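Report on the structure
Here's the letter readout for the chains.
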Amino acid sequence: MMAHESADLQLEHLSVSYGSKRIIRDLTLSPIKAGQVTALVGPNGAGKTTLLRAIAGLLRASGSALVHGKNLLTMGYGERSALVSYMPQSVPERVSLTVLESVIATLRATRRPGMMGNAYDRDRAISVLEQLDITDIALDPLDYLSGGQRQLCSLAQSLVSDPSILLLDEPTSALDLRHQVTVMSVVRELAAAGKIVVCVLHDLSQAARWADSIVVLNHGALYLHGTPDEAVTPQMLSEVYAVEARVESIHGHLHVAVQGAI
Amino acid sequence: MTDNLTGRPLNVSPHGASVAARYDAFVRKRIAICVALFVIAVAGFLLDLVIGPSDLGVHQVWAALTDSGQASQAATSIVWQVRLPQACLAALVGVALSLAGAEMQTILNNPLASPFTLGVSSAAAFGAALAIIIGAGLPGISQVWIVPANAFIFATISVMLLQAIARVRGSGIDTLVLCGIALFFTFNALTALLQFVASQQALQQLVFWIMGSLARADWQKVTVLALVVAVVTPFSFAASRQLTALRLGEDRARSAGVNVTRLRFMSLLRVSLLTAAAMAFVGTIGFVGLAGPHIARLLLGEDHRFFLPASAMTGAAIMALASIASKAILPGVLIPIGIVTALIGLPVFFSLILRPRRLA
């Protein structure tokens, strides 16, 4: 494969503005590798969600996000949706659909060539629910779900079309420990299958535990892009998060112990 | 079966297969509900034909309908010139307004959205008022059509205004809803202003128009509305998958490949055609566009493949029942249907929204 047609995601000179306010400023990253889990971290307002939404084509952005030599930012709706899936941070309330219906609805939102019939869509949706271990709520209306169940349902919606790029905005923020592990294991499996997976995570210990590489954003610009060992350091925590913290390695995993604000 | 997206086999476990079976049963139930609503709407329509001030029996109505030669001249004329056009118009108006309300509630993500609450009816009323009180209308339109034409034009203008607001970059859906409410008050005030200067006779005519009535039904109006419904409905149904996806949030829908801006534009276009055409002929009928979709949603959820047809059927049924009641409450008096719709629909509506919620 030629270098410029890499399967990795290459962000170059990416900028996003809301009105006159620039959220992401001329961001260029070393390639986000296919087959790896990349964690996107940073303090509130650093531009993490904005960056994910820009890559997903949900915001107007300048610059480029190249995969296989194609720019995601300028792609048509249909082409991009076959390639990229974005999992929003929040899930709407008051929706009279069951979990399974919502997952099938996402799969069938647009007619894609080669799409098979209703039974295929149903079985594909059920297989994703099985993957996330939530078949027991398959026929529950979204209205009745807890926040965590809704988040799992939203993740199922993101996975069902089997996109090669997954952009997950805080996929585990509402989950209990057990489901955090389930979700992050699934995320790792998806990466292992060759996908590009970018997760916004707030818990740095979790990011260090599950991600292969970590992108630290601060004020809409890159602070650092490296391995967990390189990224999660007391220096980064004080410079980016303005906290005094120790980083300890327990059984080979990094843990952040915050001591106080600076 | 293999997974055509990944090439891997689709592994549905025995447990997964049981979920699939339950889902299939669930879908069959929704189809059954749609069919039941259709049957109710048709039954309502037929009952609407049978009931009226002139005391025709079922046999006479049937004889007149089938033109078997056994019906009297009067019966034939009543059925064909009065009851059938009125019943058809009632059903079509129900379908049009309820479908428009359903689409509006989805694209504006607001359960209170309806042609009535967002000022479309008020705009239609203002158009009618212009015609009735000032006699202002488009040149070249015959006197008979001037009121419906004006109502149609202003209803369309109001939706186009909403449309224009939606196109302004950065204005959210809530802004759109607020603007609709502002339109509601603006057009009501303008109509009131016209009423203030109107002659006694024109005022009475306008009040009657605003109350909503099927008394003006004729075959021309039925044909025009039937055409509008027949043209618009397939586009509505064709958008059902995208509309369902939109219920999962704008980001989710767009990420799944839905061009939400275009979907909203096309949907508002359909809404404007349906409501403008319906209101032009019968006046302002408020309740159907709000209650029809709500009843449908409570019965079978928001998968728009079922939700849209069910809303249409519910709307037709509500209108048929309202039409029956408008003739039956006071024998010999045709109460304006706009009044009856709300009175008939309310108990049903309340019993549904206040019922204890149960799991599907």
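Further up the page is the structure itself.
Residues take numbers from 1 onward in each chain, read along the sequence in its written order. Chains and ligands are labelled sequentially in the order written, the chains with letters from A and the ligands with numbers from 1. Since the coordinates come from a predicted model, pLDDT governs what is reported: local features require at least 70, and pairs of side-chain atoms require 80 or more to be given and counted, while whole-chain, interface and lining totals use all residues.

**Some details on the sheet that holds strand β10 (residues 221–226) of chain A**
Residue and element names in this part refer to chain A. Strand order across the open sheet formed by six strands is β6-β7-β8-β3-β9-β10, with mixed pairing between neighbours. Every other strand in the sheet has two partners, leaving β6 (84–87) and β10 as the edge strands with one partner each. Ignoring which end each strand starts from, the neighbouring axes of this sheet average 15° apart. Where strand β7 (residues 165–169) meets strand β8 (residues 196–200), five bridges bridge the pair, whose relative direction is parallel. In the strand pairing of β8, L166 is matched with V197. Think of it this way: build a C-beta for each residue from its backbone, and any pair within 7 Å is a contact. Axis definition: a line fitted to C-alpha atoms, over the contacting stretch in the case of helices. Angles run 0 to 180 degrees between N-to-C directions. Helix and strand labels come from DSSP, where a helix needs a run of H or I of at least four residues and a strand needs a run of E of at least two; each type is numbered from the N terminus. Set on the sheet, helix α6 (residues 177–192) makes contact with β3 (37–41), β7 and β8; between it and β8 the angle comes to about 150°. Note on pairing: DSSP must find at least two bridges between two strands before they are called paired.

**Concerning the interface of chain A and chain B**
Across the contact, 40 residues belong to chain A and 38 residues belong to chain B. For the side of chain A that touches chain B, the secondary structure elements donating two or more residues are α2 (77–83), β6, α3 (99–107) and α4 (118–131) of chain A. In terms of residues, the side of chain A that touches chain B owes the most to one element, α4 of chain A, which gives seven residues. Gly is put with the polar residues, along with every residue not named as nonpolar or charged; the nonpolar set is Ala, Val, Leu, Ile, Met, Phe, Trp, Tyr, Cys and Pro, and the charged set is Asp, Glu, Lys and Arg. Considering only residue class, the side of chain A that touches chain B consists of 19 nonpolar, 13 polar and eight charged.

**Considering the sheet that holds strand β5 (residues 70–71) of chain A**
Residues and elements named next belong to chain A. What the four strands build is an open sheet, ordered β2-β1-β4-β5; its pairing is antiparallel. Unpaired on one side and paired on the other, β2 (21–27) and β5 mark the two borders of the sheet. Along the sheet, helix α1 (residues 48–55) contacts β1 (10–18), β2 and β4 (61–67); its crossing angle with β2, the most-contacted strand, is approximately 70°.

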